[in-house]
Amino acid sequence: MDTATLKIRSFEDADTEAFKSLNLAWIEQYFEVETKDFEMLSDPNGSILSKGGRILLAELDGEVVGTVALIPMAKPGVIELAKMAVRDGLRGHGIGEALMVAAKTEALTMDGQKIWIETHNSLEAALKLYQKSGFRPLGADEWSPTPYSRCNAQFLLDLSL
């Protein structure tokens, strides 16, 4: 696959279905969709954008193939990286890495000093991407509360390093 035509761009209202379907596909592949997932995916404007968040999309040959959301957390300067997904069949081709690079840049424009993420330790490819991107695992004493039963690992990236 040639990712030379890969474009990372900002979310538009017309992208709501792509944002939802990409995320539901990976969640359903590995876990059970939870209430918070439905809330965020059904109303990205209300659950992400209206709270000062951003959504970035990876577009390949005019088709949305990946997504990531950035949401300001209660603690100033901390941005949550959420709802990161790449279409099955296109994973492992650098799309997630391109989204991560763009997300780091976007977080800085949001006055982010740190990026926080939660995940499950069975998602090996995701864990490798986070570690390669400079995230460090958080100890249990550093954890933030989570609405997701599937999350058993949290990571933090200090953007000032």
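Here the structure is shown first, and the text comes after it.
All of these numbers come straight from a predicted model, not from anything done at the bench. (Residues numbered from 1 in each chain as written. Predicted model: local features only at pLDDT ≥ 70, side-chain atom pairs only at ≥ 80, totals over all residues. Heavy atoms only, no water.)

Student: So what's going on with helix α2 (residues 35–42)? Which residues, and what values?
Tutor: Taken together, the buried positions of α2 are occupied by Asp37, Met40 and Leu41. Each buried residue of α2 lies within a common arc of 90 degrees when the element is viewed along its axis, so the set occupies one face. Elements that come into contact with the buried residues of α2 comprise α1 (16–30), α3 (44–47), β3 (63–72) and β4 (78–86). (Buried < 20%, exposed > 50% of the residue type's maximum accessible area, 1.4 Å probe, protein only. Helix = DSSP H or I, 4+ residues; strand = E, 2+ residues; numbered from the N terminus. Arc of directions from axis to C-beta. Contact = heavy atoms within 4.5 Å.)

Student: Before we move on, could you go through the pairing of strand β2 (residues 54–60) and cite the residues and values that matter?
Tutor: In terms of burial, β2 is a largely internal element, six of the seven residues being buried. The sheet contact formed by strand β1 (residues 6–10) and β2 spans five bridges and is antiparallel. Residue pairing for β2: Ser10 is matched across the bridge by Leu56. Where β2 meets β3, seven bridges bridge the pair, whose relative direction is antiparallel. (Pairing = 2+ DSSP bridges.)

Student: Talk me through the packing of aromatic side chains; I want residue IDs and the actual numbers.
Tutor: Taken as a whole and judged by the stated rule, the model has five aromatic pairs. Between Phe11 and Phe19, the aromatic rings sit 6.2 Å apart at their centres with planes inclined by 75 degrees, giving edge-to-face as the arrangement. When sorted by exposure, Phe11 lands in the same class as Phe19, which is buried. Seen from their ring centres, Tyr130 and Phe155 are 6.1 Å apart, and the 50 degrees between their planes marks the pair as tilted. Here Tyr130 is found in helix α5 (residues 124–132), whereas its partner Phe155 is found in strand β7 (residues 153–158), with 25 residues between them in sequence. The pair Tyr130 / Phe155 is uniform in exposure class, with both members buried. Taken together, the aromatic side chains of Trp26, Tyr30 and Phe31 make up a single cluster linked through ring pairs. (Phe/Tyr/Trp six-rings, centres within 6.5 Å; stacked < 30°, edge-to-face > 60°.)

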